[in-house]
Amino acid sequence: MWKPPERIKYIPTSQHWPSQQLAAKSMLFSPIRLGPITLKNRTWVPAMVPWRSNEQGEVTTDVLQWYERFAQGKPGALVVEATGIRNVPSGPLLRISHDNYLPGLRDLVDTVRKASAGETKIFIQLIDFLSIRRRPKSDKFLKVFLQITDVHRNKLNSPTASDEEIRMALGEMDADALQHVLSEKEWEDMQYGYRERVTDTHLPQIDELPMVLPALFCEAATRAEQAGFDGVELHYAHAYTMASFLSATNTRADGYGGSLSERIRLPIEVYDAVRSATSSSFVVGCRFLSDEIIEGGSTLEDACLIANKFAKAGMDFLSLSRGGKFDDAKQPKVGWSAYPYTGRSGYECMPGYISDAQGPFGRNIEPVAEIRRSIREEGFSTPVVVAGGQYAFDQAEAVLQEGKADIVGFARQALADPDWFEKVRTGHGEQVRLCRYSNYCEGLDQKHKQVTCELWDREQRDAPGVTLSTDKKRRLIAPAWHREDPA
Ligand SMILES: Cc1cc2nc3c(=O)[nH]c(=O)nc-3n(C[C@H](O)[C@H](O)[C@H](O)COP(=O)(O)O)c2cc1C
Ligand code: SF4
């Protein structure tokens, strides 16, 4: 992952954990209304893909155990990982693309309700993503994948050469010369692997996205409601389809790109479709970016305008992330796919402990505060969720007290210690296992390996009932918390 050049090391520490009485009086542990429902408190576990499903995208026993463990900590809300809305094979990513998935998803909801004694509300993040392929070997790309056209023939001054002759000629060129003959897109496909973009409107499946996506999101949300979820989070963040529509880099000329009002058109149409297909007791919100952190991308100013339009449309919550784009991702190794968290924008999404003068903790707070201020000024009371480097009670409480956000998300901190919420709420904060922000978990995600935390995955691996990862080296679930009362 990209690291700020200053390379300053930070160690999370927290001296001030509240007593149970103080926690009970805090804003963090006070209820909040979220559209038609109430969260017991203002803590939130944002979506995290743990690679626990199977090739069919089903809810497996490992998926159930993963969410059961988070629910035991009783956060106010738990968002289930990015879940695919299309009925196409997508590796071991969870899917909600067919009614066949309903029984598994019902089990998941029941598991979370039971483990949290009904205290945690459960949402599911709905995602659409475009096709991406692994980086090919250069010779294979030139021999097999590259489509030879007259542009190549003309650039090589060989107007009558056969495809084979052109491929041979390209194969013998050095990198500089080759880059001159290939188009920018062909060069990128060879260096990074082929990747579709929302602007590839010459491809029928991309051109028709505005026609097909509202129905796909709508069907998925309907299933989520049937499965018993309290609501859905529409994934409009990071490197995926809907975020790409919102992006300032979206230049589609069909009324769904260009100006902000055109870029936001599809996200609003999707929201409207989902809202009208689900009942009034079902929560519908979205996650989007406070800043894309890429050249030519959407900025905080765009995010304020977008937030106002979402609030006006009636979204029940706005959850803000940051960065996480393909645009500045590092070149993957041959045989690997590009990963959108390897560039600077990836750092801003999941800041690690090696940082700059600002540090890795709460880099999203001020932008989110600005977004919240902007929607409040327009008269909207939509709750706003902030995430990014939150691990301490004081820090989260200050965010709420100062009116910078309404709900605080703890992603990696909840992975490091799923009991953070119960420990802090019951006055056992000093027993919290603090996340180091090492991004070991994110490295596993990048390799599509089962995600665990380095702080606990080697502990008591031989204990009865412990499930191990496929490489048998790591336990998959954090050890249980054996409550020790403070002396
Ligand atoms: C292993 C892993 C998987 C993630 N998967 C998702 C995801 O499915 N959807 C999403 O919106 N964010 C995802 N994220 C980003 C987190 O939700 C969160 O925004 C980010 O980690 C920053 O918050 P934190 O500092 O509290 O961890 C993931 C993060 C990690 C570490
Ligand atoms: S591996 Fe554990 S300690 Fe490291 S960032 Fe992930 S959750 Fe935090």
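Residues numbered from 1 in each chain as written. Chains lettered and ligands numbered in written order. Predicted model: local features only at pLDDT ≥ 70, side-chain atom pairs only at ≥ 80, totals over all residues.

Considerations on the site of ligand 2
And then number 1: Taken together, the neighbourhood of ligand 2 is formed by 13 residues, with Cys435, Ser438, Tyr440, Cys441 and Cys453 sitting nearest.
And then number 2: Mapped by element, the contributors of at least two residues to the shell around ligand 2 are helix H18 (412-416) and helix H20 (440-446).
And then number 3: Here the element with the most residues in the shell around ligand 2 is H18; it accounts for three residues.
And then number 4: Per-class residue counts for the shell around ligand 2 are eight nonpolar, two polar and three charged. (Near = placed C-beta within 6 Å. Helix = DSSP H or I, 4+ residues; strand = E, 2+ residues; numbered from the N terminus. Nonpolar A, V, L, I, M, F, W, Y, C, P; charged D, E, K, R; others polar.)

Remarks on unusual backbone geometry
And then number 1: In this structure, arginine 7 is a non-glycine residue whose phi angle is positive, near 50 degrees.
And then number 2: You can see arginine 7 is positioned in the segment before strand S1 (8-9).
And then number 3: One non-glycine residue, histidine 238, lies in positive phi territory at about 65 degrees.
And then number 4: With 26 C-beta atoms packed within 10 Å, histidine 238 lands in the buried category. (Buried ≥ 20, exposed ≤ 12 C-beta atoms within 10 Å, placed from the backbone.)

Structural notes on the packing of helix H2 (residues 61-72) against helix H3 (residues 102-115)
And then number 1: Interaxial distance between H2 and H3 falls to 8 Å at its minimum, and their mutual angle equals 30 degrees. It follows that H2 is roughly parallel to H3 by the angle criterion. For the element pair H2 and H3, the recorded crossing hand is right-handed. Residue-level contacts link Val63, Leu64, Tyr67, Glu68, Ala71 and Gln72 of H2 to Asp107, Leu108, Thr111, Val112 and Ala115 of H3.
And then number 2: Grouping the amino acids of the contact of H2 with H3 by side-chain chemistry returns seven nonpolar, two polar and two charged. (Axes fitted to C-alpha atoms, helices over the stretch in contact; angles between N-to-C directions. Parallel < 35°, antiparallel > 145°, perpendicular 65-115°, else oblique. Left-handed = near helix turned anticlockwise from the far one by under 90°. Contact = placed C-beta atoms within 7 Å.)

Regarding the packing of helix H14 (residues 300-313) against helix H16 (residues 365-377)
And then number 1: Where H14 meets H16, the closest approach of the two axes is 9 Å, and the angle between their N-to-C directions is 45 degrees. On the basis of their axis angle, the class for H14 and H16 is oblique. When you trace H14 past H16, the crossing you get is right-handed. Residues Leu300, Ala303, Cys304, Ala307, Asn308 and Ala311 of H14 form the contact with H16, whose participating residues are Pro367, Glu370, Ile371, Ser374 and Ile375.

Considering the site of ligand 1
And then number 1: Lining the immediate surroundings of ligand 1 are 26 residues, of which Pro46, Ala47, Ala82, Ala411 and Arg412 lie closest.
And then number 2: Listed by contribution, the elements that provide at least two residues to the shell around ligand 1 are strand S5 (77-84), H18 and H20.
And then number 3: Among the elements that take part in the shell around ligand 1, H20 stands out by supplying three residues, more than any other.
And then number 4: A class-by-class count of the residues in the shell around ligand 1 yields 13 nonpolar, eight polar and five charged.

Digging into H2
And then number 1: With 12 residues, H2 extends 16 Å between its outermost C-alpha atoms, agreeing within 8% with the 16 Å of an ideal straight helix rising 1.5 Å per residue.
And then number 2: Val63, Trp66, Tyr67, Phe70, Ala71 and Gln72 are the residues of H2 that are buried.
And then number 3: In this fold, the buried residues of H2 make contact with strand S4 (43-45), S5, H3 and H18.
And then number 4: In the stretch just after H2, lysine 74 is the one whose phi turns positive, near 55 degrees. (Expected span 1.5 Å × (residues − 1).)

Focus on the sheet that holds strand S11 (residues 384-387)
And then number 1: The eight strands are arranged S4-S5-S6-S7-S8-S9-S11-S12 in a closed barrel whose pairing can be described as parallel. Put simply, the sheet's adjacent strands are angled 25 degrees from each other on average, direction ignored.
And then number 2: As paired strands, strand S7 (residues 231-235) and strand S8 (residues 283-289) are joined by five bridges and run parallel to one another. Counterpart to glycine 231 in the pairing with S8 is valine 283.
And then number 3: Relative to strand S6 (residues 121-127), helix H10 (residues 209-227) is tilted by about 160 degrees, and along the sheet it contacts S6 and S7. (Pairing = 2+ DSSP bridges.)

Section: the domain arrangement of the protein
And then number 1: Split by domain assignment, the protein resolves into domain 1 (8-129 + 199-446) and domain 2 (138-192).
And then number 2: Centre-to-centre separation of domain 1 and domain 2, based on C-alpha positions: 41 Å. (Domains from an automatic or database assignment.)

Notes on the pairing of S7
And then number 1: For S7, a buried count of five out of five residues is recorded, marking the element as mostly surrounded by other parts of the structure.
And then number 2: A two-sided burial pattern is seen for S7, the buried positions comprising Gly231, Glu233 and His235 on one face and Val232 and Leu234 on the other.
And then number 3: Pairing analysis gives four bridges linking S6 to S7, with the strands arranged parallel. Bridge pairing in S7 links leucine 126 to leucine 234.

Regarding the pairing of S8
And then number 1: For S8, a buried count of seven out of seven residues is recorded, marking the element as mostly surrounded by other parts of the structure.
And then number 2: Of the two faces of S8, both are covered, the one formed by Val283, Gly285, Arg287 and Leu289 as well as the one formed by Val284, Cys286 and Phe288.
And then number 3: Pairing analysis gives four bridges linking S8 to strand S9 (residues 318-321), with the strands arranged parallel. Its bridge partner being in S9, phenylalanine 288 is matched across the sheet by leucine 320.
And then number 4: Between S8 and its parallel partner S9, the chain crosses via H14, and the hand of that crossover is right-handed. (Right-handed = clockwise from strand over helix to strand, strands pointing away.)

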